Amino acid sequence: MEKLVIEGGIPLKGEVVIGGAKNAAVAIMPAVVLADEGEFIIENLPFIEDIKCLEDILISLGAKVENLSDSAVKVNVDGIKDYRALSEAVKKMRASYYLLGSLLAKFGRAEVAFPGGCPIGVRPIDQHIKGFEAMGAKVTIEHGIIKAETQDGLKGAHIYLDVVSVGATINIMLAATKAKGVTTIENAAKEPHVVDVANFLNSMGAKVKGAGTDVIKIYGVDKLTACNYSVIPDQIEAGTYMVAAAATQGDVVLKNVIPKHLESITAKLLEMGVNVEEGEDTVRVYCDRKLKGINIKTLPYPGFPTDLQQPMSTLCTIAEGVSIINESIWEGRFKHCDELKRMGAKIKVEGRIAVIEGVQKLSGAEVSATDLRGGAALVVAGLVADGVTEVTNIIHIDRGYEKLEYKLQGLGAKIKRVKI
Ligand code: EPU
């Protein structure tokens, strides 16, 4: 067990290099299963627990995995013969559900333990299942295992998603790569990581068209081959550092970003009075004035991402006036607010709405990371608070932020990891 100990009040200054996108990488790793044989080299992977977990899962399925560096991995898929992913690692993370789509496409059947993930609300997978069933699979859930099987492989289908779902869009895309005929996903998610996974699949020889719009067509192919690929930069990690720079009245240049992917957070920061300058693959965030409160509603891309709602809520706690946050994606994503209140924040949560009244300052306290992005929100709070903040339960943060304390130390923060 470890905790992060932060001495707050230091403006962050300098440069930080953003890592690969977690939510693209956690789909790309399961997608390697789709290749019949050969060796992948995947670069710009985030150095996070979720990726280590997926490496263990691939090994348990028969793959050979070699880490070339902290951000690159070689995966040989020749030995993958098992359609069952039932290890403990599968139960620990959310994205293990992508093995359903991949294994089902490869073997015509799949058994995957029910996925875990952050406690941010009910996390149904009915739309994933609806997609697989439309393609001819029979799906059952028994004893915590999701089983999907087909008589003679998957067939292309027309699928209209009832809700815009990143997971269902990607999972159906994975399953459809080798289906007979054409699959159309309507009301598809448009997130940058959906596009990145489509690009990865196309690099393997798949025919995925329209990713990034709300209609995706997948023309099934017989064979997919291993490839080399570099994952896009992490929009959410970048957004978190942007918020941290603004909160501490700092001046930070983020490198290895795609500014277009950051537009919704950039727009909100500008509205609050923060300065944001976009370069080609950099963003500079600096701030030297009191922030103004804002209203935020989380929405699927290109709307404001739910994954940045929690760090942004920290910023709102020290902004002038009242901010209103409407969380439209996950009903349980305000748990971190009780922790922020320990630090002096004034927040009222009513269902999916949080009303935040800005205070002059936060004060350091012992707080517990309730989930991944909630944990990041508390770290931002610790960076800006008076005195010392201790963030416990950081296992959540390690799942999705690479080398957090090192990157923050590089920006001048006083933060250290301590064994409990
Ligand atoms: N939904 C359904 N049925 C489904 C699937 C989703 O009703 O079958 C609903 C959900 O309850 C939610 C909404 O649709 O209200 C959107 O869920 P989505 O499927 O898009 O979420 P996800 O795929 O489970 C991914 C990210 C989340 C991120 C959401 C939304 C991964 C591994 N996770 O989850 O990331 O919040 O998309 O953008 O890609 C995080 O990184 O901290 C994180 C939680």
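The structure contained in this document is the topic of the report that follows.

Here is what the cut-offs are and how they apply
Residues numbered from 1 in each chain as written. Predicted model: local features only at pLDDT ≥ 70, side-chain atom pairs only at ≥ 80, totals over all residues. Heavy atoms only, no water. Core = buried A, V, L, I, M, F, W, Y, C linked by side-chain atoms within 4.5 Å. Buried < 20%, exposed > 50% of the residue type's maximum accessible area, 1.4 Å probe, protein only. Contact = heavy atoms within 4.5 Å. Phe/Tyr/Trp six-rings, centres within 6.5 Å; stacked < 30°, edge-to-face > 60°. Helix = DSSP H or I, 4+ residues; strand = E, 2+ residues; numbered from the N terminus. Pairing = 2+ DSSP bridges. Right-handed = clockwise from strand over helix to strand, strands pointing away.

1. Regarding the nonpolar core
- Counting 81 residues, the largest nonpolar core has Phe 40, Ile 42, Met 135, Met 173, Phe 200, Leu 201 and Met 204 as its most contacted members.
- Ignoring any residue separated from it by four or fewer positions in sequence, one finds Met 135 in contact with Leu 154, Lys 155, Ala 157, Ile 159, Ile 172, Ala 175, Ala 176 and Thr 183.
- Ranked by size, the runner-up nonpolar core spans 71 residues in total, among them Met 312, Ala 319, Leu 378 and Val 391.

2. Structural notes on the packing of aromatic side chains
- Inspection of the entire model under this criterion finds 3 aromatic pairs.
- Centre to centre, the rings of Tyr 97 and Tyr 98 are 4.9 Å apart; their planes meet at 75°, and the pair counts as edge-to-face.
- For Tyr 98, a relative accessible area of 3% puts it in the buried group.
- Their ring planes at 75° and their centres at 5.3 Å tell us that Phe 200 and Tyr 229 sit as a pair that is edge-to-face. Placement of the pair is Phe 200 in helix α7 (residues 192-203) and Tyr 229 in strand β14 (residues 228-230), with a sequence separation of 29 residues.
- The exposure class assigned to Phe 200 is buried, which follows from its relative accessible area of 0%.
- Judged by relative accessible area, which is 11%, Tyr 229 ranks as buried.

3. A few points about the pairing of strand β11 (residues 182-186)
- The sheet contact formed by strand β10 (residues 158-160) and β11 spans 3 bridges and is parallel. Residue pairing across strands places Ile 159 opposite Ile 185, the latter belonging to β11.
- Read from β10 through helix α6 (residues 166-176) to β11, the crossover connection turns out right-handed.
- Bridge count between β11 and strand β13 (residues 215-219): 5 bridges; the pairing is antiparallel. Among the inter-strand pairings, Glu 186 is bridged to a residue of β13, identified as Val 215.

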